[in-house]
Structure formats: structure tokens, C-alpha cells
Amino acid sequence: MSASQTSDVPTLLVKIFGKDRPGITAGLFDTLAAFSVDVIDIEQVVTRGRIVLCALVTKPTVSSEGELRSTVHSWADSLKLQAEIISGTGDNRPRGSGRSHVTVLGHPLTAEDTAAIAATITGTGGNIDRIFRLAKYPVTAVEFAVSGTETAPLRTALARQAHEIGVDVAVVSAGLHRRAQRLVVMDVDSTLIQDEVIELFAAHAGCEEQVAEVTARAMRGELDFEQSLHARVALLAGLDESVVDKVRSEVRLTSGARTLIRTLKRLGYQVGVVSGGFTQVTDDLKVRLGLDFASANTLEIVDGKLTGRVTGEVVDRAGKARLLRRFAAEAGVPLAQTVAIGDGANDLDMLNTAGLGVAFNAKPMVRKAAHTAVNVPFLDTVLYLLGVTREEVEAADADQD
């Protein structure tokens, strides 16, 4: 039946509670089949071995309704289950306009946190239609399906609440686009990897302190990124090019990076990196990780030595956003379907250009400006923001074994 056909139809809501076991769902509907009812809606949840099964069905004839109730209760009693049957009219009430997915990451996720998130959703005029768990480790991740309020004001309200209570919350609009192919582009230093590549080079040049001072000046606003890049790279002049291989071997991937990329690729996503670092490292990462795109600055090497200069156009804050647009065009993916991940102010233009910008263990200014933030040291938690469950990740890994 269509929604219009069921709006005035007498219905019964059959609710079953108890210890889960194989055959409960089939048994309930076998029992109901004897009364020739139509199924309008079904919901089933199993939590710690306890089942809640709800079936919304058309009401049978007046003469057989009492028998249906008695039969369902007898069947439930035989399995040591509880049954409740409620009379009503029609289907579920229509969901309000404006639908969003709200993903909450907690480490741990407390009852107090959950109450605050739920109250904020309600305070924006939203209704929680469904909640389910995406993951139980390395963080607890749950998703709320919300209707009745627009995504943008809901995101603003929840971002403020999340900052106050110390959990991570992502809000994305619902719809088919969430399942569409996407492009994910991430920063490299302190995002894809744990290190700052220029500091690794500086360690070999014996100028770590000088590089750190230039970096600090840039953070204080005394130098823009391009000025700081040239100043820091100049300190590397004279290094033997053999240092490149040493630095590549020293790079440490962020926890969960391989899982994130592997899973995204299995889902058909395209993945790229943009970096204010150097192609001598990002090109190697592209090959090692099977990335689709990679762009960074290039250290100039002449006669086997670093010259202390970079060649080509500098990849700075604005450059990262341009590269995101270019990668999206080459991938055939609308900007609305892109996800950008980064940690620094240099990533802000990219984060705000993408359909979803994720600040990963970022500084407060970046967290505040991005669409959402992840403040746990596991890069694969970004998968939960895309609606991918831990069970799906593990199942995909098992299929490849």
C-alpha cells in the first residue's frame, strides 16, 4: 500500500521483547500470516542479546482481532518473550522536512554526553528518528537520523555543544549523495603521517632549532606560509640527496591511515593528498598507499645536493583549495561530494571548499572553522563520519584474506 492508502487504515503495532534467539522474526510473521494481515513497517534491534521487534500491520477483521491478539501472546509466552499489541490508525507520522545524519564520537561516550547531544537536537526543532551504533572501538561511534530541522543550523548548534562537552560531532545532510562515489583529500604532515617532514630533513642538517623558530614566527603571523617555507628550506642547503631515502624511511603513518585508505578504495572512492611538504615524500606515499592524487612542493636538487630552494608553484593555503578543485574535476566528482582532512591553518581554505571538512586533531582555530572535528588519534574514525561501520571495515578486510 502507498502512504495515502494506509493513512486511514486501522493498524496494529505488535511489539516483541526478550532474549534473542534464531527464528523469532520468522515465528512472529508465521503467526501473523494466519490472519492475512499486510506488513506496513518493521523495526528490529538486538542489544546485548535482547531483542526488540516491532511490526506495524493492518488490523484483521473485527471477528478475528481477538484471536490474533491471543495467538500472538501465546506464541510469545511459549518462547518466554513479552508481547504488546497497540491499536491505531495509519502509518508512522511523516518525517519533518530537513533530514540529517549526526555522527557522535566519544572516547568514551557518556550518558551525560548523549543527553546533551539529544537535547541540542530537540532544541533546534529536530526529531530523532533512529539511533544505531557504528563502532565500539577504538572509539564509540553512534549515528542519529534526524528530521525536522535543516542541516546548517543543526550543525552550528551541535558544534558548539560538542566543544563544550568534549566529544566529536559531524552533521551531514541525508540523501542518496551519501552513498555516491566521493573524493577524499587529506593533508600529509600531522594528518596522514605523525611527523612534520621538514623537521625530519632539518634533523639531518643539524638545524632543528632554527627551523622550529621560523615555524613559530609563521604561527605568530610574522611570516606567511610561502615566506616561512623559503626560509626553512634555505636552511637545508647542502644536504646530500641520499637524505631523501632516510627521511622516507623515518616517516610514520598515523594510526588508522592504512585502514582508512584501504577501505575508501574498496568502496570505490578516490583518495589524494596535498601537502606544504615535499614531493620527494608524497610521491613515495602515493605509490606505497595506492593514492590517486598527490601534490606538494618540490625540493630542488642539483649535482646530488639540496640547493635550499623549491621549484614550481608553491602549495600554500590557497593552493591546497585549488588542488582540491582540480582533483575533483579530474575525478569527475562534484565539490559537494568531496571530503577534506587537515590539521592546520594552512588547510582551512581546503576544508571550507570541500563538501565536508574534517579538522583532525587540529588547533582550536581550525576546529572552530571546519565543518567537524576529530580529536582522537585514529585517522580511520573518519570512516564513521561517512556512515561506514566498524563491522563493515572488518568484513571487507576478511574478504581480502
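For the structure itself, look to the data block above.
Anyway, here's the lowdown on the structure attached to this text. (Residues numbered from 1 in each chain as written. Predicted model: local features only at pLDDT ≥ 70, side-chain atom pairs only at ≥ 80, totals over all residues. Heavy atoms only, no water.)

## Points about the sheet that holds strand E3 (residues 50–58)
Alright, step 1. Spatially, 4 strands are ordered E2-E3-E1-E4 in an open sheet, and the strand pairing comes out antiparallel. Among the strands making up the open sheet, the edge pair consists of strand E2 (39–47) and strand E4 (82–89). Taking the axes of each pair of neighbouring strands and ignoring which way they run, one obtains an average angle of 10° across the sheet.
Alright, step 2. Across 8 bridges, the pairing between strand E1 (residues 10–19) and E4 is antiparallel. Bridged to Ile16 within E4 is Ala83.
Alright, step 3. Packed on one face of the sheet, helix H2 (residues 24–33) meets E1, E2 and E3 and runs near 25° to E3.
Alright, step 4. Strand contacts of helix H3 (residues 62–78): E1 and E4, with the helix running at about 155° to E4, the strand carrying the most contacts. (Pairing = 2+ DSSP bridges. Helix = DSSP H or I, 4+ residues; strand = E, 2+ residues; numbered from the N terminus. Axes fitted to C-alpha atoms, helices over the stretch in contact; angles between N-to-C directions. Contact = heavy atoms within 4.5 Å.)

## Re the nonpolar core
Alright, step 1. Ranked by size, the top nonpolar core spans 60 residues in total, and within it Met186, Leu192, Phe201, Phe278 and Ile341 carry the most contacts.
Alright, step 2. With 5 residues, the top contributor of residues to this core is helix H6 (residues 197–205).
Alright, step 3. Val185, Leu323, Ala354 and Ala370 belong to the second-largest nonpolar core, a separate cluster that totals 21 residues. (Core = buried A, V, L, I, M, F, W, Y, C linked by side-chain atoms within 4.5 Å. Buried < 20%, exposed > 50% of the residue type's maximum accessible area, 1.4 Å probe, protein only.)

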